[in-house]
Structures are given as structure tokens and as C-alpha cells.
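Close look at the chain arrangement
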Amino acid sequence: MRHSIVIAGLLTGALLAGCSKDSPSPLSPARATLVSVSPADGATGVRLDAALTLTFSAPVDREVVQRELHLISERAIADSVCPDSATMSHPDMAHCMADSAMMRHLDERHATSGIFSWNATGTACTFQPAAWMIPTTRHMVHIGRGVKEMMGGSMDGMMGGHGSGMMSGAMMLHFATMDTSSGHDWHH
């Protein structure tokens, strides 16, 4: 009996030591990193029906990713019928990226709507826009700071934040859609 109490005490001590904030728990999941984003940063000629996919090295909190991921077209930024345009100018994409209030506005009012789907392991998130994107248009993928915080600050070599303060923890990636003016039957 005494032998069982000693073993139980050792196991309890080992588990508590593993839960200390100074030592990683052997039971905690691997810390995820963002491995890739498709379309890639700087891509051109992206299909109008393309989906946006984020791939992580380990399972992540789906709610955080879905709350923090926004696709914003350059044309949406220039939206002249925005109800807030009387009190808030809509500068170009480069100026928006350094302004946390503008980015919050763009995320809430101008982000592309669509549907999120995940792979079975929770390591790949796909965002399919509800409508085709506009041809020959730059798009910004805004990944808010909550994703970086969830991953412990690691973006694993991905493009980091812009600006300072609130925007320093965000990621912005850019791509441009294809030119369909030639009339080429691109969708086949």
C-alpha cells in the first residue's frame, strides 16, 4: 500500500511539473506554424474562381482563423458608396495597411464574403469567395494578429505585419487576379 502511495505521489508531481508555465507539458499539442498561403504572396494571374487556402503545421483553433482571415479587393477599398465614406476617406491599399482603424473598417465592411471549409485534421483552412473575383484586380489577404498570438508569435518566415501598434501583429499578403480582356476561354 505504501508503495502505491509513493508511485501516485511521483506521478502527480510529474504531471504538475509538466503543467508549470516554465516547462512545456508533455500532453500539450504541438505549436502550429503557418506553412503556406495559396495564392502565394505576389502571385499574378490568379483565377477569378480561386479559393484562398492557409496550411498549418499542426491543428489550430478554427474560430480564431475564421475570425481573423479577410480577403479584401482593391476595388472594395475604393468603394464610393460606403456608408462611412462621409466620415472616413478610403485611401489606397498601401495607406490602409498602416492604419489599424481603416483595416478594422475594411474587415467589417469591405471584406469578401464566402464559405470556410477545413480538412479533417484542422491543419488546412480554405476560404471560397461567394462570387468570382474581379479581373485584373489586386487583392489583400489580411490575417489578423489573433492568428499570430494563437501560434505564439511565429509566422514561420511569412510576411510580417505592417505599421505599428495593433497592425504590427497582423499579416498582409497580396495577389492579383488574371486579365480576361482578351476573351480567352480561361475557365476550361
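To keep things clear, this report deals only with the structure shown in the data block.

A closer look at the overall build of the protein
- The secondary structure content of the protein amounts to six helices and eight strands.
- Moving toward the C terminus, one meets the helices and strands of the protein in the order α-β-β-β-α-β-α-α-α-β-β-β-α-β.
- Per-residue burial for the protein yields a buried fraction of 36% across its 188 residues.
- When contacts within the protein are restricted to residue pairs at least 6 apart in sequence, long-range pairs at least 24 apart make up 69% of them.

Some words on the nonpolar core
- Core analysis: the biggest nonpolar cluster contains 25 residues, and L34, L54, F56, V65, V141 and I143 have the highest contact counts within it.
- Look past the residues within four positions of L54 in its chain and what remains in contact with it is L34, S36, V37, V65, L69, T123, A124, C125 and I143.
- In this structure, I72, M140, A170 and M172 belong to the second largest nonpolar core, which totals five residues.

Considerations on the sheet that holds strand β7 (residues 138-143)
- Within the open sheet, the four strands sit side by side as β2-β8-β7-β4. Their pairing is mixed. A single partner strand is all that each edge strand has here, and the edge strands are β2 (43-46) and β4 (69-73). Direction aside, the axes of adjacent strands within the sheet are offset by 30 degrees on average.
- Bridge count between β4 and β7: five bridges; the pairing is antiparallel. Each bridged residue has a counterpart across the sheet, and for L69 the counterpart in β7 is I143.

Quick look at the environment of A111
- The topology assignment puts A111 in the loop between α5 (100-110) and β5 (114-118).
- C-alpha of A111 to C-alpha of H70: the two residues are 41 residues apart in sequence and 5.8 Å apart in space.

A closer look at the pattern of salt bridges
- Enumeration over the complete set of coordinates arrives at four salt bridges.
- As a salt-bridge pair, E74 and R138 come within 3.3 Å of each other at their nearest N and O atoms. Pair noted here: E74 is in helix α3 (residues 74-77) and R138 is in strand β7, with a separation of 64 residues, a long-range link.
- In this structure R138 comes out as partly exposed when scored by relative accessible area, which is 36%.
- When the shortest N-O distance is used, the salt bridge between R145 and E149 registers 3.1 Å. With R145 and E149 both in helix α6 (residues 145-150) and four residues apart, this pair spans about one turn of that helix.
- Taking the relative accessible area as the measure of exposure, R145 reaches 32% and is therefore partly exposed.

About the cut-offs
Residues numbered from 1 in each chain as written. Predicted model: local features only at pLDDT ≥ 70, side-chain atom pairs only at ≥ 80, totals over all residues. Heavy atoms only, no water. Helix = DSSP H or I, 4+ residues; strand = E, 2+ residues; numbered from the N terminus. Buried < 20%, exposed > 50% of the residue type's maximum accessible area, 1.4 Å probe, protein only. Contact = heavy atoms within 4.5 Å. Core = buried A, V, L, I, M, F, W, Y, C linked by side-chain atoms within 4.5 Å. Pairing = 2+ DSSP bridges. Axes fitted to C-alpha atoms, helices over the stretch in contact; angles between N-to-C directions. Salt bridge = Lys/Arg side-chain N within 4 Å of Asp/Glu carboxyl O.

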